[in-house]
Amino acid sequence: MTTTNTEKTWRTICDSSDLVKDSGICALLANEAGNEEQIAIFHLPNSEDKIYAVGNYDPIGKANVLYRGIVGCIADEPVVASPLYKQHFSLKTGRCLQEEQSISVYPIRIENEQVQVLY
Amino acid sequence: MKTDKQLLSKAKIVVVGNGMVGHHFVEEMAKNSDYQITVLSAESRLAYDRVYLSSYFAGKTADDLALTTPEHYDELGVTFKTNAKVTNIDKSAKVVTTESGDCFEYDKLILATGSYPFVPPIPGGDVEHSLVYRTIDDLEAIQASADVSKVGVVIGGGLLGLEAAKAVKELGLETHVVEFAPQLMGVQVDGGGGRLLKTKIEELGVQVHTSKATNEIVAGDKHRYKLCFSDGTELETDLILFSAGIRPYDNLAREFDLEIGQRGGIVIDNQCKTSDADIYAIGECALWNNFIYGLVAPGYSMAKVAVKDICGEEAEFTGADMSTKLKLMGVEVGSIGDAHAKTEGSLTYTYENQPEGVYKKIVVSSDKKALLGAVLIGDTSEYDTLLQYMLNAIELPESPEGLILPMAADKPTLGVDALPDTATICSCHNVTKGDIIAAIDCGAVDVGQVKSGTKAGSGCGGCAALVKSVADNEFEKRGVEVKKDICEHFAYSRKELFDIVSVEKIKTFDELLSSHGRGLGCEICKPVAGSVLASVWNDYILKKPHLSLQDTNDTYLGNMQKDGTYSVVPRIAGGEITPDKLIVLGQVAKKYNLYTKITGGARVDLFGARVEQLPPIWKELVDAGFETGHAYGKSLRTVKSCVGSTWCRYGVQDSMSMAIDLENRYKGLRAPHKIKFGVSGCTRECAEAQGKDIGIIATENGWNLFVGGNGGMKPRHGDLFATDLDDETLVKYVDRILMFYVQTGDRLQRTSVWMDNLEGGLTYLQDVIMKDSLGITDALEEQMAAIVGSYQCEWKTTLEDPEALKRFQPFVNSDKSDSNIQFVTEREQIRPARGEEKIAVTFIPSVENDATEKEAVAEEV
């Protein structure tokens, strides 16, 4: 029943009905060191992967706000724009399109109407 | 010291006179730091705008008319003395002396003494209420006299006389114009045009008496004075205003032996030098080629020539075009070149439409190839084109009459491409097409920047439309193009999207994207669409389909701060608040430990609310009777006001009630950008209304309305839009203006920039709003009425909707708060902790989280 620190598992976050179309929600998880980690989960039904999970921490604005950004695409790359200073982060790679920064990305899936993150 | 020596060795320039031309000289001369400039002005004020003098009576102050300030001259390193009339010039010692005995040495002396109004020597004319129209002091005297007068007569029906008549009319007097010649504006306009002009001016309630020579002025029976004309008729009046031409102020030159023309004026050569090589004369005191130019543009040209000559550059003044376009009491008048067809062999084409009050004439050369002159009354829309034909000697089309005939099927239009680079676009500041291109070369990216960079369009403003088309044409040629696409997802401007949404009755972003856009949208087009949908349909902005369109500020109905918390700003209409409500604000701030600050918009901001605290905070505020202040929205923010006539000794209208009514009327309106109002109860302007998008200033008779003011990054005084409006008309105009802005403004374009970019500027906006030139005012009012009628407090609606409240829970899987939000105390209040002040937080799983974790693991197995 227990997992080791290095082994990642699919963890259920919420029901798929908790997702908000074309917008983000946030989940609170613990990382390996036992510190809090926030994950922003976006639901873009019209995009290729439909659901994305990235770190919620904006490394430029230095605040946990990314799930409150507007999502969309820049040259077909699905992105979230930071609500603080509007830089774009790719939802696929976590790369910032304007500056040398990036955020974590997490595998995410919907299983039996449950949203699950590999963490 | 070295620097002192440099100072001492600077050549000294003394400028006598600080009118518009003298000031222009100073600005141009100061660009060269090798000279020490001293300005001596006999007036008590530094230079001000005489072209717009009559706007003084329409609410502009002396400060508004000022062209410079002592601080500005200090910055330029210019020494200046006001009330310093020069009484002596010692040409051999090169020293001028003022009335008070101060002496100033010069290397070069500039006489820019201007002119004074000519008052014909009429017996009995030298009486108390006989005045002239030239300086701000004159205006003050006219105003004082008007207060105790009922009837005013302007003697002189020229350009300035009609300006003066406008001023008398605006002061509420029964107004007459008396002209010696058989027609008005005889210099600029021919007989046919003069007749029509007279009719139009009379329709406006000014009585015009032509072919009248005043023999004497005696005491009146019903009014103060009686004018006795040579034909035996009489006219009674209380106030007499002389505007019978100008005379050069050349007495200094006369007294100290500079060459003077037979009928006055300081004789100058092509370098603007007088008969003494170290003395220049420029502007209306100067006589060039036996001619005195009474317009500002030629004076500016002389100033530039003098500067260049002093700096050793080659330059020549070779005369100036006297063409002019203006609006006299709402009547458009244009005069170009040889308006009277005096050129040998010239031919004329005339078009007159009496029912509509339009008269147009062009004068062409005998071979019909060159335009020599034109007169336009009632409609000057062809002025720019005609002027360019003449100035640049562009060959006329085969049937030149097509240039002025309405609805000519193939009306020849002169594209701006046809203009040579030397074509003058703005004659007030002598800006050529080449100058505009150079400004774009130097990085100007829109018309606004072209205007501020070249000063084009900032004089009389008559060239604004032409400046825009030249600039736009240039942008397009460079492929910088006037790109109006808001982003990569929509090839439309905000205005075009607005039209699409209204016409096609589109209700959601998805509909709009699939029918007119591409991709998924972005943080640019989504809020624009959200704002447009809100403006057109005034739906609750957090309705499901609109939710994802809003910026975080709109989504959470608060302004996000740097640490991810929000500010709470309830509406305090007009800044008026009861003690009880103020106490509630204090109690809420205390309970939730919010940083509290009074804002510049006369309300209270509460900072540091976590996203999950917003609903309970707002619940308490809404229960106490507060509403959202829309501080987060591109919408009406505040209506700043003074207490007005209710409390203030000086107030003339109830500005407080007006401010509250306006704030309540327009709250919630979604616009291209935020909107601020100001309402002042008197001309002291304590509410700083002229710095607001919509500024309202009380007058004795109602309200003056200003539009397009701005503080912030790029301060701009609002343009005086209309005067002495009653409450109802005021609201009607504001309804129309705001709705027109909401429909046509670009994304994030404040009203100030919107005004600057409106083709046709203020006049155009006045025509649209007050004369309904586009036939849309009814629709604008209806749309505004619908928006006003469907207002809802977004916080109240949100609090009643459990689904909407879910968004304010920070984590979907936990009840905890964001541990990265931390505060420290400063000056007895909280502020966000800086990085080094923060404490790392270790994760302690909550019960709920524990459960999901177990579930997940179980599934995995």
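Residues numbered from 1 in each chain as written. Chains lettered and ligands numbered in written order. Predicted model: local features only at pLDDT ≥ 70, side-chain atom pairs only at ≥ 80, totals over all residues. Heavy atoms only, no water.

Caption draft 1: Main features of the overall build of chain A. Counting its secondary structure elements, chain A contains zero helices and twelve strands. In chain A, the order of α-helices and β-strands from amino to carboxyl end is β-β-β-β-β-β-β-β-β-β-β-β. For the C-alpha atoms alone, the extent of chain A along its principal axes is close to 45 × 30 × 20 Å. Within the span of chain A, comprising 119 residues, buried residues form 59% of the whole. The contacts of chain A with a sequence gap of at least 6 include a subset with a gap of at least 24, amounting to 42%. (Helix = DSSP H or I, 4+ residues; strand = E, 2+ residues; numbered from the N terminus. Buried < 20%, exposed > 50% of the residue type's maximum accessible area, 1.4 Å probe, protein only. Contact = heavy atoms within 4.5 Å.)

Caption draft 2: Examining the sheet that holds strand 4 (residues 51-55) of chain A more closely. Residue and element names in this part refer to chain A. Spatial ordering of the open sheet is given by 2-3-4-10, a layout of four strands whose pairing is antiparallel. In this open sheet, the two strands that pair with only one neighbour each are strand 2 (23-30) and strand 10 (105-106). One ladder, built from two bridges, connects strand 4 with strand 10; its direction is antiparallel. Paired with V54 across the two strands is V105, which belongs to strand 10. (Pairing = 2+ DSSP bridges.)

Caption draft 3: Structural view of the sheet that holds strand 28 (residues 559-560) of chain B. Residues and elements named next belong to chain B. Spatially, four strands are ordered 28-29-31-30 in an open sheet, and the strand pairing comes out antiparallel. On the outer flanks of this sheet lie strand 28 and strand 30 (595-598), each paired with one strand and no other. Relative to strand 31 (residues 604-609), strand 30 is paired through four bridges, and the arrangement is antiparallel. Across the sheet, the residue bridging to K597 is D605, located in strand 31. Across the face of the sheet, helix 20 (residues 614-623) comes into contact with strand 29 (566-568) and strand 31 while running at roughly 5 degrees to strand 29. (Axes fitted to C-alpha atoms, helices over the stretch in contact; angles between N-to-C directions.)

Caption draft 4: Structural context of the nonpolar core. All names here are of chain B. Core analysis: the biggest nonpolar cluster contains 56 residues, and F677, L705, F721, L738 and L765 have the highest contact counts within it. When residues in this core are grouped by element, the largest group, nine residues, is from helix 22 (residues 727-744). Residues contacting F721, with those up to four places away along its chain left out, are L705, F706, V707, Y733, I737, L762, L765, Q766, I769 and M770. Counting 53 residues, the second largest nonpolar core, distinct from the first, contains L46, V296, M302 and I310. (Core = buried A, V, L, I, M, F, W, Y, C linked by side-chain atoms within 4.5 Å.)

Caption draft 5: Fine view of the packing of aromatic side chains. Applying the stated criterion across every chain yields a total of 17 aromatic pairs over all chains. When the centroid spacing of 5.7 Å and the interplanar angle of 40 degrees are considered together, the rings of Y666 of chain B and F677 of chain B count as tilted. Note that Y666 of chain B is positioned in helix 21 (residues 655-666) and F677 of chain B in strand 33 (residues 675-680), a separation of eleven residues in sequence. Of the residues examined, F677 of chain B reaches a relative accessible area of 0% and is grouped as buried. Here the aromatic cluster, defined as three or more aromatic residues joined through ring pairs, consists of Y556, Y566, W618, W795 and F808 of chain B. We note R109 of chain A situated over the ring of W10 of chain A; from NZ or CZ to the ring centre the distance is 4.2 Å. Here the guanidinium or amino end of K581 of chain B rests over the ring plane of F626 of chain B, the centre of that ring lying 4.9 Å away. (Phe/Tyr/Trp six-rings, centres within 6.5 Å; stacked < 30°, edge-to-face > 60°. Lys NZ or Arg CZ within 6 Å of the ring centre and 35° of its normal.)

Caption draft 6: Spatial organisation of the pairing of strand 1 (residues 11-16) of chain B. All names here are of chain B. Here strand 1 runs beside strand 2 (residues 35-40); their pairing, made up of six bridges, is parallel. Bridging across to strand 2, V16 finds its partner in L40. For the segment spanning strand 1, helix 2 (residues 20-29) and strand 2, crossover handedness is right-handed. The sheet contact formed by strand 1 and strand 7 (residues 108-111) spans four bridges and is parallel. Its bridge partner lying in strand 7, V15 is registered against I110. (Right-handed = clockwise from strand over helix to strand, strands pointing away.)

Caption draft 7: A look at helix 15 (residues 509-516) of chain B. Residues and elements named next belong to chain B. Residues of helix 15 that are buried: F509, L512 and L513. In a view along the axis of helix 15, the buried residues occupy a sector of 95 degrees, so they form one face of it. Where helix 15 is buried, its residues touch helix 14 (494-503) and helix 16 (525-537). (Arc of directions from axis to C-beta.)

Caption draft 8: Quick look at the packing of helix 19 (residues 579-591) of chain B against helix 20 of chain B. All names here are of chain B. The N-to-C vectors of helix 19 and helix 20 enclose an angle of 165 degrees; their axes lie 10 Å apart at closest approach. Considering the angle they form, helix 19 stands roughly antiparallel to helix 20. For the crossing formed where helix 19 meets helix 20, the hand is right-handed. In this structure, helix 19 contributes V584, L585, V588 and K591 to the contact, and helix 20 contributes I617, E620 and L621. Split by residue class, the contact of helix 19 with helix 20 holds five nonpolar, no polar and two charged. (Parallel < 35°, antiparallel > 145°, perpendicular 65-115°, else oblique. Left-handed = near helix turned anticlockwise from the far one by under 90°. Nonpolar A, V, L, I, M, F, W, Y, C, P; charged D, E, K, R; others polar.)

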